[in-house]
Amino acid sequence: MRVFLTGATGFIGSFLVPELINAGHQVVGLSRSDSGAAALARAGAEVFRGDVNDLNCLRTAAKAADGVIHAAFNHDFSNLKKNSEDDRRVIETLGEVLAGSSRPLVISSGTGLARSKTGGPAIETDDHVTSAEYARAASEEAADAVIAKGGRVMVMRLSQVHDTRHQGRIALHIQLARQKGRVAYVGEGKNRLPAVHVSDAVRLFRLALEKGQAGARYNAVGEEGVAMRDIAEVIGAGLNLPVESITAEEAPEYFGLLANLAAIDLAASSALTRRQLGWDPIGPDLLTDLRNMDYGVA
């Protein structure tokens, strides 16, 4: 396929480009910078210059594609509502271009947006929360709208994607620990974070593109849940800082915008995803990568 990829120069995108190319696909990567364009060209991708929020640019690129993977998202928590509504418009635009065809559109979301029907780990068939409850759900709402019009949309619900250089949300925990001079977790720290190695995540993106079912949600989860206390202890050892429990009342002072997330159990399962797509995650686990990262690099 000729695949148009947003977020092509980001963390996941930098692994996804070679994953797709090695599988025989032609990749057209979106880049707004000269350095990003050069990196894509070195990786063997075609470069499409533009910004992800330039909807006319997206229409042009998507029209020429056999399939689209939308992996871009601005994770600035201080502007989450605006960034989420921007993402809604992007997904709606891409969906309009691909409407009336079997061309796939794979979009990114998060396992944390699923509302468990049982109180256990979130599964693929769990409904998502609304954007009124959590702004990031705008992406899933946009996917619903495109699916309702017959679009072949698959939603990739990402867990904590990691390697030894990038840890997503955990990087914020590390940054806070440096600032506060200690590593904190809430209560007993038994609440969990699901995780997946980036090499497994990009393989799942490819499988969803190639054989995903229209309307399906897939959970990119290699580990159902890693306890926040265990994460804190590994970070503490890496930074040589004390590790301590704080109360839920103390969490806002320490965690700031992350306070609510820091206390929630976000465990998620990928059993259905594995069966449907024949996906078997094999990459290193989260704690292994956290132990092997270079804590000397701020």
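Structure's up top.
Residues numbered from 1 in each chain as written. Predicted model: local features only at pLDDT ≥ 70, side-chain atom pairs only at ≥ 80, totals over all residues. Heavy atoms only, no water.

**Re the sheet that holds strand β1 (residues 2-6)**
Right, so step 1: If you trace the seven strands from one edge of the open sheet to the other, you get β3-β2-β1-β4-β5-β6-β10, paired in parallel fashion. Each of the sheet's edge strands pairs with one partner strand only, and the pair in question is β3 (46-49) and β10 (217-220). The sheet shows a mean angle of 25° between the axes of neighbouring strands, direction not considered.
Right, so step 2: Summarising the sheet, strand β4 (residues 67-70) and strand β5 (residues 105-110) pair through three bridges and their orientation is parallel. Looking across to β5, one finds that H70 is bridged to I107.
Right, so step 3: Against the sheet, helix α7 (residues 198-211) touches β1, β4, β5, β6 (153-158) and β10, its axis set at about 165° to β6. (Pairing = 2+ DSSP bridges. Helix = DSSP H or I, 4+ residues; strand = E, 2+ residues; numbered from the N terminus. Axes fitted to C-alpha atoms, helices over the stretch in contact; angles between N-to-C directions. Contact = heavy atoms within 4.5 Å.)

**Observations regarding helix α6 (residues 169-180)**
Right, so step 1: Across its 12 residues, α6 extends 17 Å between first and last C-alpha, which sits within 8% of the 16 Å expected from 1.5 Å per residue.
Right, so step 2: G181 sits one or two residues past α6 and shows a positive phi near 75°. (Expected span 1.5 Å × (residues − 1).)

**Quick look at helix α3 (residues 55-63)**
Right, so step 1: Among all positions of α3, only C57, L58, A61 and A62 are buried. Projected down its long axis, α3 shows its buried positions confined to an angular sector of 125°, all on one face. When the buried face of α3 is taken as reference, the exposed residues oriented beyond 90 degrees from it are N56 and K63.
Right, so step 2: The elements touched by buried residues of α3 are β1, β2 (26-31), β3, β4 and α4 (80-98).
Right, so step 3: Two to three positions downstream of the cap, the backbone nitrogen of N56 sits 3.3 Å from a side-chain oxygen, assigning the N-cap of α3 to D54. (Buried < 20%, exposed > 50% of the residue type's maximum accessible area, 1.4 Å probe, protein only. Arc of directions from axis to C-beta. Polar contact = N/O pair within 3.5 Å; in protein donor to acceptor, adjacent residues only side chain to side chain.)

**What to know about the nonpolar core**
Right, so step 1: Within the largest apolar cluster, 32 residues are counted, with the highest numbers of intra-cluster contacts made by L5, I69, V106, M156, V161 and F205.
Right, so step 2: Counting only elements with at least two residues in this core, the list comes to β1, α1 (11-22), β6, α7 and β10.
Right, so step 3: If you tally residues by element for this core, the top one is α7, at eight residues.
Right, so step 4: Residues contacting I69, with those up to four places away along its chain left out, are V3, F4, L5, T6, L16, L20, V106, F205 and L209.
Right, so step 5: I170, A184, L258 and L266 belong to the second largest nonpolar core, which has 31 residues in total. (Core = buried A, V, L, I, M, F, W, Y, C linked by side-chain atoms within 4.5 Å.)

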